[in-house]
Amino acid sequence: MRVIRSARRTLLLLALGLGGAGALRAQSAGELRGRVVEAGSGAPVAGASVRTDGPAAGSATTDADGRWSVGPLPPGEHRVHVGHLGFAGRTVVVAVPRPDGAELTVALTPEALPLDAVVVTASRRMQRLADAPVATELITRREIEQAGVSDLSSVLVQRLGIQLEGGHPAGEGVMLQGLGSERVLVLLDGQPMVGRISGQVDLSRIPTSMVERVEVVKGPQSSLYGSEAMGGVVNVITRRAPSGGWDAGVDLTAGTQGRADLSGTLRGTVGSFQYLADAGRRSTELTPGMAETQGALAERWDGLFKLGWAPDSALRVEASAVVLDERQRWQGGQLFTFADNTQWSARVGADWTRGAHRLAPALYWTGFDHLSRRATAARPVDGTGEEELQRLLEGELLYNLALGRHALDLGVEAKREEISSDRVRGRDRALHAVEPFAQATWALGGWQLVPGARLSWSEQWGTHFTPRLAALFRPVPSLALRGSVGRGYRAPGFKELYMEFLNLGAGTGYTVRGNPDLRPETSTNLSLGAEWSAGTGYLRGQLFHNRFEDFVETRLAGDSSGVAFYTYGNIADGSTRGAELEAGVSRGGLRAEAGYGYLDARESGTDAPLLGRPAHSGRLSLEYALPGGPRTALSGVYTGETPVRRTEAGVVERDGFLRFDARIAQALPRGIELSLGARNLFDARPEEWPGFTGRHLYLGLGWRTD
């Protein structure tokens with residue numbers, strides 16, 4: 001019996017020992033689970049990085065629902081670091097094990113200024129926004145969607161320092177630093193868009209459905225981009241396929257002024273291949289850049305198609321195509337005017353990286369067909385009108401060398417531009433150009449010095465050299481000081497060189513003839529700026545001064561029998577100078593931004609103000625996201641009094657325009673979102689504004705797979 005009792009006691013001690021060891025193991029290691037959400041709305045944040053400190057450090061990435069898990073971790077306190085591009089990072093201290101295995105929820109606040117976002121325009125290579133040598137305005141996909149508008153021009157004019165400029169006869173262009181749209185280069189995925197009518201690219205043609213982000217660099221960028229970049233560059237970056245899987249979406253918007261928009265997107269990745277298709281139709285009873293609504297109509301079809309191949313991390317090949325087709329109509333007196341425009345582009349490019357070297361060749365072909373007609377009825381007569389065809393064929397080779405913080409960017413472009421028009425002498429004209437360029441980045445301590453230059457050769461006007469020197473200094477990580485001085489230029493266009501146009505009326509008329517002896521316009525720019533950012537808040541300001549020479553303008557060359565004869569000449573000199581100041585803060589579900597801009601634009605000699613340039617402008621935006629509820633946005637844009645024409649009595653000014661826009665959006669189950677918005681909420685209507693200013697109400701319905 002003593003032996004049996006001893007055996008029982010041994011078995012009991014062994015069981016207690018095994019149980020205690022199991023309990024010890026349960027306390028010594030545990031899994032930490034959690035979820036990352038957006039502050040305010042509580043929406044999941046996918047792709048966030050989660051990292052724990054300590055002897056058993058771990059890391060994870062959140063899934064589509066924002067969930068993550070790390071472990072096993074020893075008991076005790078652990079520091080958990082959570083970060084995501086576009087959000088302010090956050091660190092929390094948590095005890096392991098969690099009571100009852102509770103899930104850790106971490107709310108991230110969107111950054112007021114996304115300094116870690118990647119941009120390409122400032123140096124023609126990928127770099128963080130914080131490292132761009134010149135100030136770059138970034139408009140993200142999130143901001144585009146929250147604007148609730150269907151075309152690019154409506155997004156841009158909500159930003160500080162970007163002014164709307166009406167086209168001739170129709171269209172919506174933008175002005176940067178007081179330099180008009182004919183001197184602002186518009187790029188589509190880094191390649192120039194053709195389609196200028198009277199010198200202007202109508203940005204309302206570009207639908208927001210196909211745009212991933214927009215990068216705006218103000219001031220001359222001719223050292224990297226050549227002609228037309230005197231006032232700056234607007235680079236429209238189209239959407240790309242997701243890194244894995246697939247997604248789809250459909251958006252439908254209806255509103256006053258006959259607005260009806262429909263767009264759909266399908267994109268995905270299959271093995272090493274990526275695909276994207278985006279198509280849409282937009283219509284409204286308005287004409288872009290015109291205030292009159294009588295007989296007005298604009299109908300547009302658009303499509304974006306991409307196919308990419310990335311067999312490994314070093315090589316990517318992509319082919320893309322964009323098609324935009326529109327029909328415009330407006331009425332003046334007894335006549336209707338019609339403009340039928342078709343724009344298309346095709347691009348094939350590759351990106352190969354090996355170590356510090358990157359090589360990116362590309363071939364780009366784009367065209368624009370414009371047909372202008374008039375009729376007394378609301379439908380045009382077939383077989384009538386004036387047709388104009390524009391073409392651009394461009395080959396490009398970029399080379400980038402990255403040596404730590406130092407870099408070298410080299411490139412060469414060869415292009416052929418063509419035009420076919422009855423208003424051009426000889427009808428068919430072509431120009432050829434070759435343009436090499438180089439830019440270096442030298443880093444020393446908190447300094448970056450970025451010299452660059454471009455040599456442009458044209459068979460028409462010879463060679464032109466455009467240097468630039470930019471500097472970036474960060475005395476502390478949160479503060480950036482930028483400065484640049486550079487030259488800009490714009491080559492004369494086909495019509496300025498070769499136009500042949502005669503307009504005769506009853507007993508009067510005029511003729512316009514191009515001048516093949518024109519020289520390129522030139523400008524010199526000095527910019528100074530400061531930018532402070534602390535994650536959830538930012539403050540930035542910029543001073544600029546542009547001195548321009550030899551601007552091409554029409555001039556009266558003679559008058560015979562009541563017919564005035566005009567031609568073009570390098571006759572205008574002047575300057576634009578000003579300041580821009582912006583501030584923003586993001587706290588929880590609230591985001592607020594405000595800005596003020598001042599502009600002084602004058603002719604040399606007479607000191608007369610340049611027309612179409614407002615001296616004062618401002619913007620204000622407020623966004624608020626409720627937990628699980630609606631997202632609300634209110635924005636205000638102010639454009640001050642603007643000189644519009646000169647008379648014998650003096651300069652006539654247009655009244656200032658203060659416009660408020662509002663939008664509310666509610667997420668519904670199964671990926672559906674319902675939105676309601678108003679543009680020009682209080683129905684302000686200044687006279688002589690280049691575009692419709694009445695109140696516009698709209699209702700939107702969207703669906704996403706994710």
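One structure accompanies this document, and this report is about it.

1. Quick word on empty space enclosed by the protein
Thought 1: Tallying each qualifying case throughout the model produces nine cavities of 30 Å³ or more.
Thought 2: Reported here for the largest cavity is a volume of approximately 420 Å³.
Thought 3: When contributions to the lining of the largest cavity are tallied by element, the ones reaching two or more residues are β10 (136-139), β15 (211-218), β29 (479-490), β32 (521-533), β33 (537-560) and β34 (563-587).
Thought 4: Looking at the lining of the largest cavity residue by residue, the classes come out as 12 nonpolar, 11 polar and eight charged.
Thought 5: In this structure, the second largest cavity encloses a volume near 330 Å³.
Thought 6: Elements with a contribution of two residues or more to the lining of the second largest cavity: α2 (141-147), β36 (616-625), β37 (631-639), β40 (657-668) and β41 (672-679).
Thought 7: Broken down by class, the residue content of the lining of the second largest cavity amounts to 11 nonpolar, five polar and eight charged.

2. With respect to the sheet that holds strand β14 (residues 191-192)
Thought 1: Across the sheet, which stays open at both edges, the five strands sit in the order β10-β15-β16-β13-β14 with mixed pairing between neighbours. Two strands bound the open sheet, and with one partner strand each, they are β10 and β14.
Thought 2: Bridge count between strand β13 (residues 184-188) and β14: two bridges; the pairing is antiparallel. Looking at the pairing, L187 lines up with P192 of β14.

3. Concerning the packing of aromatic side chains
Thought 1: A complete count under the given rule lists 10 aromatic pairs for this structure.
Thought 2: Ring geometry for W344 and W365: centres 4.9 Å apart, planes at 80°, overall edge-to-face. Of this pair, W344 sits in strand β22 (residues 335-354) while W365 sits in strand β23 (residues 357-375), placing them 21 residues apart in sequence.
Thought 3: Relative accessible area serves as the criterion here: at 45%, W365 is assigned to the partly exposed category.
Thought 4: Within the aromatic cluster, the residues linked to one another by ring pairs are F501, Y510 and Y566.
Thought 5: Seen from the ring of Y698, R259 lies directly overhead, with NZ or CZ sitting 5.0 Å from the centre.
Thought 6: Directly above the ring of Y498 sits R429, whose terminal nitrogen or CZ lies 4.0 Å from the centroid.

4. Things to note about the pattern of salt bridges
Thought 1: Enumeration over the complete set of coordinates arrives at 60 salt bridges.
Thought 2: Across the pair R490 and E496 runs a salt bridge whose closest N-O atoms are separated by 2.9 Å.
Thought 3: Overall, E496 belongs to the buried group, its relative accessible area being 14%.
Thought 4: In this structure, R577 and D600 form a salt bridge, with 3.2 Å as the shortest nitrogen-oxygen distance. Separated by 23 residues along the polypeptide, R577 in strand β34 and D600 in strand β35 (residues 590-603) bring together distant segments of the chain.

5. Overview of the sheet that holds strand β7 (residues 104-108)
The strands making up a sheet associate through backbone hydrogen bonding, with each pair oriented either parallel or antiparallel.
Thought 1: Spatially, three strands are ordered β4-β1-β7 in an open sheet, and the strand pairing comes out mixed. One side of each edge strand has no neighbouring strand; the edge strands of this open sheet are β4 (67-73) and β7. Ignoring strand direction, the axes of neighbouring strands in this sheet form an average angle of 25°.
Thought 2: As defined by bridge partners, strand β1 (residues 30-38) adjoins β7 across five bridges and the pair is classed as parallel. Following the sheet pairing, G34 is matched in β7 by L104.

6. Points about a negative patch on the surface
Thought 1: Residues E641, E653, D655 and E687 make up a contiguous surface patch of negative charge.
Thought 2: Residue placement: E653 occurs in strand β39 (residues 650-654).

Scoring rules and cut-offs
- Residues numbered from 1 in each chain as written.
- Predicted model: local features only at pLDDT ≥ 70, side-chain atom pairs only at ≥ 80, totals over all residues.
- Heavy atoms only, no water.
- 1 Å grid on protein atoms, 1.4 Å probe; cavity = no way out; pocket = protein on both sides within 12 Å on 5 of 7 lines; lining within 4 Å.
- Points joined across faces, edges and corners; volume = space filled by probe spheres on them.
- Helix = DSSP H or I, 4+ residues; strand = E, 2+ residues; numbered from the N terminus.
- Nonpolar A, V, L, I, M, F, W, Y, C, P; charged D, E, K, R; others polar.
- Pairing = 2+ DSSP bridges.
- Phe/Tyr/Trp six-rings, centres within 6.5 Å; stacked < 30°, edge-to-face > 60°.
- Buried < 20%, exposed > 50% of the residue type's maximum accessible area, 1.4 Å probe, protein only.
- Lys NZ or Arg CZ within 6 Å of the ring centre and 35° of its normal.
- Salt bridge = Lys/Arg side-chain N within 4 Å of Asp/Glu carboxyl O.
- Axes fitted to C-alpha atoms, helices over the stretch in contact; angles between N-to-C directions.
- Patch = residues over 30% accessible without salt bridge, like charges linked within 9 Å, V, L, I, M, F, W, Y side chains within 5 Å.
- Areas by Shrake-Rupley, 256 points an atom, 1.4 Å probe, with all protein chains shown as cover.
- Lys, Arg positive; Asp, Glu negative; His and termini not counted.
- Charge placed at Lys NZ, Arg CZ, Asp CG, Glu CD.

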